[in-house]
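Given next are the chains, with one letter for each unit.
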Amino acid sequence: MTLEDLKIKQLTNQYLVEPGDKMTVIRDLCGMQAQFMTNVMHSLRIRCNDYNEATLKDHLVKNWTIRGTVHAFAEDDLPLFLHCADGKNYRRNEWTDCSWWNQRADWALTLERQAYLSSVILEALEKAPRTREELRRICQEAGMGEQEGNSMFDPWGGGIRELCERGFLNYVVQEKKMFCLSPAFTPMPEEEAGLEMARRYFTNMGPATIHDAMYFFHTTAAQVKKWIDRLPVADYQWEGKTYYAIDNGKQYNRDIPGCLFLAGFDQLMLGYEKKESLYLDPGHMRDIFNLAGIVMPALMLDGKVVGRWKKKERKLRIQLFVPLSPGDRAAVKEKAEALWDDIASLEGLS
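Residues numbered from 1 in each chain as written. Predicted model: local features only at pLDDT ≥ 70, side-chain atom pairs only at ≥ 80, totals over all residues. Heavy atoms only, no water.

Visitor: Sorry if this is basic, but what is going on with empty space enclosed by the protein here?
Guide: The gaps left among the atoms become clear once a water-sized probe is rolled over them. All told, the structure shown has one cavity of 30 Å³ or more when counted by the stated rule. Reported here for the largest cavity is a volume of approximately 60 Å³. (1 Å grid on protein atoms, 1.4 Å probe; cavity = no way out; pocket = protein on both sides within 12 Å on 5 of 7 lines; lining within 4 Å. Points joined across faces, edges and corners; volume = space filled by probe spheres on them.)

Visitor: How do you make sense of the environment of Val295 when you look at a structure like this?
Guide: Looking at where Val295 falls in the secondary structure, it is placed in the loop between α13 (285–288) and β10 (298–301). Look at Val295 and you get buried, because its relative accessible area is 5%. Residues Val295 and Asp266 lie 29 residues apart in sequence; the distance between their C-alpha atoms is 7.8 Å. Once you skip the residues sitting within four places of it in the chain, Val295 turns out to touch Gly264, Phe265, Met269, Leu270, Ile288 and Phe289. (Helix = DSSP H or I, 4+ residues; strand = E, 2+ residues; numbered from the N terminus. Buried < 20%, exposed > 50% of the residue type's maximum accessible area, 1.4 Å probe, protein only. Contact = heavy atoms within 4.5 Å.)

Visitor: Explain the pairing of strand β2 (residues 60–64) here, please?
Guide: Remark: a regular strand shows side chains that alternate across the two faces of the sheet. For β2, the buried fraction is high: five of the five residues fall into the buried class. Relative to strand β3 (residues 70–74), β2 is paired through five bridges, and the arrangement is antiparallel. Bridge pairing in β3 links Lys62 to Ala72. From the end of β2 to the start of β3, which pair antiparallel, there are five residues, and Arg67 there has a positive phi angle of about 65°. (Pairing = 2+ DSSP bridges.)

Visitor: I tried to follow the nonpolar core on my own but got confused; where do I start?
Guide: In summary, soluble globular proteins display a tendency toward joint burial of nonpolar side chains. The biggest cluster of nonpolar side chains holds 113 residues, and the ones touching the most others in it are Leu169, Phe202 and Phe261. Ranked by residue count, the leading element in this core is helix α5 (residues 111–127), at seven residues. (Core = buried A, V, L, I, M, F, W, Y, C linked by side-chain atoms within 4.5 Å.)

Visitor: Looking at this structure, I do not really get the layout of surface pockets. What am I missing?
Guide: Its volume calculated, the second largest pocket comes out at about 790 Å³. Breaking the lining of the second largest pocket down by element, the ones donating at least two residues are α3 (37–45), β11 (304–312) and β12 (315–320). Residues belonging to the lining of the second largest pocket are distributed by class as follows: eleven nonpolar, five polar and eight charged. (Nonpolar A, V, L, I, M, F, W, Y, C, P; charged D, E, K, R; others polar.)

Visitor: What is the right way to read the side chain of Thr203 from this model?
Guide: With respect to the secondary-structure elements, Thr203 resides in helix α9 (residues 190–204). For Thr203, the side chain forms a polar contact with the main-chain oxygen of Arg199, separated by 2.6 Å. Excluding residues within four positions of it along the chain, Thr203 makes contact with Asn13, Ile246 and Asn248. (Polar contact = N/O pair within 3.5 Å; in protein donor to acceptor, adjacent residues only side chain to side chain.)

Visitor: Can you walk me through the packing of aromatic side chains in this structure?
Guide: Centre distance and the angle of the planes are the two values used to describe a pair of aromatic rings. The full count for this structure, using the stated rule, is 15 aromatic pairs. When the ring of Phe36 is compared with that of Phe265, the centres are 6.4 Å apart and the planes differ by 40°; the resulting orientation is tilted. With Phe36 in the loop between β1 (32–33) and α3 and Phe265 in the loop between β9 (259–261) and α12 (267–270), this residue pair connects regions lying 229 residues apart in the sequence. Judged by its relative accessible area of 35%, Phe36 is partly exposed. The interplanar angle of 75° and the centroid separation of 5.7 Å between the aromatic rings of Phe261 and Trp309 together place this pair among those described as edge-to-face. Highlighted residues: Phe261 in strand β9 and Trp309 in strand β11, separated in sequence by 48 residues. Residue class for Phe261 comes out buried when judged on its relative accessible area of 1%. (Phe/Tyr/Trp six-rings, centres within 6.5 Å; stacked < 30°, edge-to-face > 60°.)

Structure below.
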């Protein structure tokens, strides 16, 4: 297998060559990382043949899932991503189990206080969705102390995240961070859920290496190998590495796209070990994956990242990593104008 073969398979499977419908795309790619909803919107826009901003949120939810990060995903995949300790903790407002949160030295909530404040939050959300700040104020009015609040509303999640992971809450699917009650669902067994996620990964992001899957799922080589042993994968060799994929019936007889404006936190960047990326030169890794944990929107030409971009209101700014020919600059400009019809200025191509 050649490098071009690998790229065209990955790009096709990720719907960057031939688009698919929104719900198929978001299910197949295990959701979209959603710290910023604008990234989810753009990621779907470049992959979907039915993209409609007015109906984008329909049938989607937002919660912590893969890698312990917030994703937007299909509502009917709640059982897949939130398996709640094999269902034992599903909507259980008791906190006797040891968790990463309550084992911390600065955790200020007793079992009883966490259950009480959780009830306060759930009662408030029965009336309407609320922001984190609104919920914090409501809990303060119900007697929550400062240190308790630092635990319940820890910037990385805290007690409110545990309520999400137990199937009580979701984020509202929007840019502003707001919580709502989750629809009811029956969690899948954790082992079954993991295998299904791996099946989707090797079907729709493959061919991929064991290291790639470890990076995407933030898991061990042993776990990935267990999944591979149970899945109908084919293997491919390139430069001494083994890549795995599950046949999905797609044809790979198209060319690599000439120009792609990838979203921030795009699955093409997050789907594979970043240090072994087929698309990103190691010398520019920190230009896309910065030290603050942000994955910048990448500009790709002919299957190679050549820069990054940012659009604010009607201004599009491009930061190039390499010089471009006049033909390449024209291709980037043409693609930008096809994506956005409101661009008043385009900076960085000269």
